[in-house]
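Examining the three-dimensional arrangement
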Amino acid sequence: PPTVRLEDYRPSDHLIDRVELDVRLDPHDTRVSATLALRPNPAGRAHAPLVLDGDDLTLLGLELDGQALAPDTFRADASSLTLHAGPQRPFTLRIETRLDPTANTRLMGLYRSNGVYCTQCEADGFRRITYFLDRPDVLSVYTTRIEAERAAAPVLLGNGNPVEAGAVAGTDRHYAVWHDPLPKPAYLFALVGGRLDRVAKGFTTMEGRAVEIAVYVEPGKDDRAAYALDAVERSMAWDERAFGRAYDLDVFNVVAVSDFNMGAMENKGLNIFNDKFVLASPDTATDTDYAAIEAIIAHEYFHNWSGNRVTCRDWFQLCLKEGLTVFRDQEFSSDMRSRAVHRIAEVRNLRARQFPEDAGPLAHPVRPKRYAEINNFYTATVYEKGAEIVRMLRTLIGETAFRAGMDRYFADNDGTAATVEDFLKAFEAVTGRDLARFAEWYERPGTPRVAVSGSYDAAAKTYRLAFRQTRPGAGADAPPLVIPIRLGLVGTDGPLIDAASGRVEDGVFVLDSAEDTLIFENVAAEPVPSLFRGFSAPVRVESALDAAARLTLLRHDPDSFNRWEAAQRVALGLMTAQVRGDAPEEAGADDFVAALGVFLDGEALRDPAFAAQILALPSEGDVADEIGTEIDPDAIASARRDLRRRLGAGLRARLLTLREELAEPAGTPFSPDASAAGRRALRNAALDLIAAADAETGTALAQAQIAAATNMTDRLAGLAALALLPGEAREAALTAFAERYADEPLVLDKWFAIQAMIPEDGTVARIRRLQGHPAFAMTNPNRVRSLVGSFSLANPTQFNRADGAGYALVAETVLALDGTNPQVAARLMTAFGPWRRLEPGRRAQAESALRRIVATQGLSRDVADIGTRSLA
Ligand code: HT7
Ligand code: ZN
């Protein structure tokens, strides 16, 4: 496929000022009439032909300024429409196309989900609705008339504000007209038509605008929409408080649909959501679901400024809206919940998804330089590493300057399609700093390493910290990165050491050369360095701290993130030592258990959510990432199982007591708030460890918990604990769960996922059976992700089976899906990313599965692109 390159960007030769769409919805024969007010772009080439993008379109009619066009003046096929000589003046083009929304299984463009008409246009779906300049730097004002059979689609929604609605005389059809006054790129276009229930509430912005917020869901599910509605309201209020950003239309609509390629979409005034990230009730949603709903509602709402009012010049600038908006939603969630616990969750997620991506064949810069298929670049690197860059910028310049820079960015770029340079320019303007060297973070792939070594001079009472940064694959001439390191010194017996170093400002040292040394004066006794507090930069830290020093940090570091990090590092050390066959660390493990015991005694009940994070060991993926090469997932799984067993046995009495102390008194009403969720999390972390050490007690506790559960978090945690304990009890619990939730697809997704993650030989066969379950459908991305995605991403021993059966299952699913939904197929295939780091036997198996996929005739561009890059 042709490669698109950043360096080839040039402005469009034409602009489209206004778009009038008339969409007559029909299940198989939808007609779209698009009237486009075009003009040559003064910044483009004069006399250039007009080339409009299309994808799978059928052209029915074409008029220029009201006149049908002569056949020799244009060329049209399914993927483009060319006017050989576009007029050198403003002109109007009317284009009529025909679509079949029911046959649209790719879920891009206009499609039907459970009978509801909806659209998805980012990145390039609008061209599946009409021929257009489908690029984010062409901004137009849209008016949309939507017409449909009233009984099939009583609700008709578009972007912007409602203008008029009525019956189509003499028919059973009706229409609605929507007008969006703010110019936008085509990727933010949306419409919805269907039978939907509505919940709504009013909000008055700080500018005094009365806004009606509404959430639309499938009929009968309106009792599950309250949390999402509340989250929209909280997001609106927060963006005013935190960033001074007010909403700008009279209505803000959210629609939940069940067939959706990703999480949600920020269409102007009409956010469309995967219903998984809207619908919540205590009986069907876990605490994790509630938190994800809150975060994604906020994320899409925040795009109204970081994405919609200021959009991207081209898709290479995707991080400009996505990294920034992830940063904004993370800040929102931190304010709504515990900041420390949320930071831990963010870093767990970054390490689980972005670090491996950055270390594998699909690595790319946060601002990529080329792509074959843009839909494959909605990645953890663009989103999560992109957010880390924004956070580092704030750390470097301070909160006040950061806020001023954001204000400047929005003011200077409002209503335009901007670049990363425009973003940085705003911060340069308010701080007077040159950020050119900082900008390097956007340009190169790979996770940097920072090696740190400390030495104490007792006679001089000085402490030296030597830093050295390296980047994987970077040549010796690669410029060093600007790395903000938040740090401090902790005394071995507790008290803080307030030692000065002139180069640490507000607790931050900026490493901007390949090597540097910090010297602290007047240090009375050898300290333990606490480095990268709050995970102040997305790097791997290499430091020779021993377990005792790390356990000191766990006890005494005032930085909660680093207390957690210390416990994780000790656990990682124990597990990697076992995997590598190093000297058995019996004593080390005992010290760890003892330290956790002391921690639990002192703090578990004070901050259960934090304690739950301390108890949750690094994942098998974290251990694999630490080991780096020749990975044997079985050895890792067994090391992790052993450590869980040790903790479960060593802490058993405390954990059992904690479970009692944390139990909700009967009749307590359910609350999804962070403190209630934290208590449940700790109780369930305790269950996991108890069960790891003692299957009999674990089974009994899990069964009792399922029987008594009044919410999905506890019921599912019970089931998850049982799922790791082979036997009758497990199978009976799985059967009962499926019966109870037979009519709840989103809950059955959890049931699919739990079974897909069972680390046993029978799992591949179980998944093959489940693919035939009546609730499973290859056409629904949530079902595929739950069953096959959970398997490939969260079942390392079975996906990486030595006989290749796990790879074969995923490869077959990728190929089966590619014909109908290439975007989801390609995403599933990214699970093969770390294949080169496996031990030789598995590496060969994974490679041959990848080669089988790539050798298949007629592959989509999406899957071919992932395949080619994975094997490169
Ligand atoms: N901006 C959106 C990204 C997106 C998407 C969403 C749904 C389906 C297909 C999609 N392609 C790209 C979502 C977001 O980041 O907010
Ligand atoms: Zn986004």
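Just so it is clear, the model here is predicted, and its values are computed rather than measured.

What counts as what
- Residues numbered from 1 in each chain as written.
- Chains lettered and ligands numbered in written order.
- Predicted model: local features only at pLDDT ≥ 70, side-chain atom pairs only at ≥ 80, totals over all residues.
- Heavy atoms only, no water.
- Donors = N, O, S within 2.8 Å, 3.2 Å for Na, K, Ca; no water.
- Helix = DSSP H or I, 4+ residues; strand = E, 2+ residues; numbered from the N terminus.
- Buried < 20%, exposed > 50% of the residue type's maximum accessible area, 1.4 Å probe, protein only.
- Phe/Tyr/Trp six-rings, centres within 6.5 Å; stacked < 30°, edge-to-face > 60°.
- Lys NZ or Arg CZ within 6 Å of the ring centre and 35° of its normal.
- Domains from an automatic or database assignment.
- Buried area = accessible area lost by both parts, 1.4 Å probe.
- Salt bridge = Lys/Arg side-chain N within 4 Å of Asp/Glu carboxyl O.
- Near = heavy atom within 4 Å.
- Polar contact = N/O pair within 3.5 Å; in protein donor to acceptor, adjacent residues only side chain to side chain.
- Nonpolar A, V, L, I, M, F, W, Y, C, P; charged D, E, K, R; others polar.
- Pairing = 2+ DSSP bridges.
- Contact = heavy atoms within 4.5 Å.
- Axes fitted to C-alpha atoms, helices over the stretch in contact; angles between N-to-C directions.
- Core = buried A, V, L, I, M, F, W, Y, C linked by side-chain atoms within 4.5 Å.

Take the coordination of the zinc ion (ligand 2) next. Looking at the metal site, the zinc ion (ligand 2) is ligated by His299 (NE2), His303 (NE2) and Glu322 (OE), spaced 1.9 to 2.1 Å from it. Mapped onto the polypeptide sequence, the residues donating to the zinc ion (ligand 2) form the spacing pattern H-x3-H-x18-E. One end of the pair, His303, is in the loop between helix H2 (287-302) and strand E22 (310-312); the other, Glu322, is in helix H3 (residues 318-336), and 19 residues separate them in sequence. A relative accessible area of 2% means that Glu322 is categorised as buried.

Okay, the packing of aromatic side chains next. Enumeration over the complete set of coordinates arrives at 37 aromatic pairs. Ring centres of Phe791 and Phe799 lie 6.2 Å apart, and the angle between their planes is 85 degrees; this geometry places the pair in the edge-to-face category. A single burial state applies to Phe791 and to Phe799, both of which are buried. Site record: aromatic cluster; members linked through ring pairs are Trp238, Phe243, Tyr247, Phe252, Tyr301, Phe302 and Phe332. Cation over ring: Arg313 sits above Tyr9, and NZ or CZ is 3.7 Å from the ring centre. Of note, Arg328 hangs over the ring of Phe243, and the distance from its end group to the ring centre comes to 4.8 Å.

The domain architecture assigned to the protein consists of domain 1 (1-195), domain 2 (311-442), domain 3 (456-537), domain 4 (545-559 + 566-693) and domain 5 (741-872). The centre of domain 2, based on its C-alpha atoms, is set 25 Å off from the matching centre of domain 3. Summing both partners gives a buried area of about 1200 Å² for domain 2 against domain 3, and 67% of it is carried by carbon and sulfur. In this structure, the connection of domain 2 to domain 3 is made through one salt bridge. A salt bridge links Arg471 to Glu440, with the shortest nitrogen-to-oxygen separation between them at 3.4 Å.

Taken together, 15 residues lie near ligand 1, and Glu122, Glu266, Glu300, Glu322 and Tyr383 sit nearest. A distance of 2.7 Å is found between a nitrogen atom of ligand 1 and a side-chain nitrogen or oxygen belonging to Glu266. Here Glu322 contributes a side-chain N or O atom positioned 2.9 Å from an oxygen atom of ligand 1. Within the residue set of the shell around ligand 1, elements represented by two or more residues are strand E20 (264-265), H2 and H3. Looking at the shell around ligand 1, its residues break down into six nonpolar, four polar and five charged.

Sheet strands pair by backbone hydrogen bonding; their relative direction is either parallel or antiparallel. What the five strands build is an open sheet, ordered E17-E18-E19-E21-E20; its pairing is mixed. The sheet terminates laterally at strand E17 (197-204) and E20, the two strands that pair on one side only. In the sheet, strand E18 (residues 210-217) pairs with strand E19 (residues 251-257) via five bridges, with the strands oriented parallel. Looking across to E19, one finds that Glu212 is bridged to Val251. Along the sheet face, helix H1 (residues 226-243) touches E17, E18 and E19 and points at about 25 degrees away from the line of E17.

It is worth spelling out the nonpolar core at this point. Core analysis: the largest hydrophobic core is formed by 159 residues, its most contacted members being Leu93, Phe423, Phe438, Phe467 and Ile483. Among the elements that line this core, the one with the most residues is helix H5 (residues 380-397), at nine residues. When sequence neighbours within four positions are dropped, the list of residues in contact with Phe438 reads Ile389, Met392, Leu393, Leu396, Leu424 and Val482. Core analysis: the next-biggest nonpolar cluster, separate from the first, contains 106 residues, Val570, Ile627, Leu809 and Ala849 among them.

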